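# Descriptive structure summary
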Amino acid sequence: MQDIALNVFLVLFCVAIFAGFIDSIAGGGGLITIPAMLIMGIAPLDTLGTNKLQSQFGSASATIAYARRGHVNLREQLPMAVMAMLGGGLGAVTAAFVPADLLRTIMPFLLIAIALYFAFKPQLTDIDSHRRITPFVFGLTVAPLVGFYDGVFGPGAGSFYMLAFVALAGFGMLKATAHTKLLNLGSNFGGFVVFAIGGAVLWKLGLAMGVGQFIGAQIGSRFAMKNGAKIIRPLLVLSCMAMATKLLVDASSAWSIATIWETIFPK
């Protein structure tokens, strides 16, 4: 556990508020919090583990806000969240054996494709459309698969959930956003458990940022419910493009997932 100055706590608390706001609407909160923690001198391994802790507060906060307004039925969707959690945990456990370089190469282009889909597909509104697969099949396939990706790698998981809810489940934009936050919470928790077991979590910082995430997500989810697709759609496109750009810029990063895994669980 490294000592962290009070000013670092305060800066990252404010960063978490903004990240929670953005993430509750369009996802991509980690794009804000992870670079901020690295800039403030937090070690890469601790950054990833702590980010998993604090991001759960934002996902939980947004989920609660959406559920209170009837945009997600927690009891009905809980099995999907559990499947996402199992996928996230399995992904984190097997991260050392997954070709991270291949993921870094493919993911930016998939995120760009998602951005183009949401930018140019007509009639993307808050009204539900034709459902292509049943909730049962969605829970058995999409939820654990995207959760697995979230545990292995992470960036863009919320965008993949959004795409699946809109294109396969036939959800409107607001409903898809609400359900995405719940599954994000599940897969984040699954990955977080692995980091926590390895001692790669700064608990005080993570909890402080978690409070910021909770506040930001409350504000953001209310903003999304007030404005619906007209604000969710452009922010989602911008979030996907920003994540794709960051992954392309960071392609030559010195620390890989395999290195992180070996640090958590040395042989």
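Refer to the structure printed above.
Residues numbered from 1 in each chain as written. Predicted model: local features only at pLDDT ≥ 70, side-chain atom pairs only at ≥ 80, totals over all residues. Heavy atoms only, no water.

## A short note on helix 4 (residues 74-93)
Given 3.6 residues to a turn, an α-helix orients residues that are three or four positions apart in the same direction. The test is simple: Note on conventions: DSSP H or I runs of at least 4 residues are helices, E runs of at least 2 residues are strands, and numbering of each starts at the N terminus. Working rule for helices: expected span equals 1.5 Å times residues minus one. The quantity called bend is, for any residue, the angle between two axes fitted respectively to the seven residues ending at it and the seven beginning at it. Throughout this description, buried means an accessible area under 20% of the type-specific maximum (1.4 Å probe, protein chains only), exposed means over 50%, and partly exposed covers the range between. In protein, a polar contact requires one atom able to donate a hydrogen and another able to accept it; more generally it is a pair of N or O atoms within 3.5 Å, and residues adjacent in sequence count only if both atoms are side-chain atoms.
The end-to-end C-alpha distance of helix 4 is 27 Å, a good match for the 28 Å that 20 residues give at a rise of 1.5 Å each. Its axis deflected by about 25° at Met80, helix 4 carries its strongest bend there. For helix 4, the set of buried residues is Gln77, Met80, Ala81, Ala84, Gly87, Gly88, Gly89, Gly91 and Ala92. With a side-chain oxygen lying 3.1 Å from the backbone nitrogen of Arg75, the N-terminal cap of helix 4 falls on Asn73.

## Regarding the packing of aromatic side chains
We count it as follows: Each Phe, Tyr or Trp ring, with Trp reduced to its six-membered ring, pairs with another whose centre is within 6.5 Å; inter-plane angles below 30 degrees give stacked pairs, above 60 give edge-to-face pairs, and intermediate values give tilted ones. Charges are assigned to positions over rings by a cutoff of 6 Å between ring centre and Lys NZ or Arg CZ, combined with an angular limit of 35 degrees from the ring normal.
Scanning the model with the defined rule gives seven aromatic pairs in all. Ring centres of Phe138 and Phe165 lie 4.7 Å apart, and the angle between their planes is 20°; this geometry places the pair in the stacked category. Within this pair, whereas Phe138 is found in helix 6 (residues 135-140), its partner Phe165 is found in helix 8 (residues 157-167), the two being separated by 27 residues in sequence. On the basis of relative accessible area, Phe138 is assigned to the buried category, the value being 1%. A connected cluster of aromatic rings, assembled from ring pairs, spans Phe138, Phe165 and Phe171. Of note, Lys175 hangs over the ring of Phe171, and the distance from its end group to the ring centre comes to 4.3 Å.

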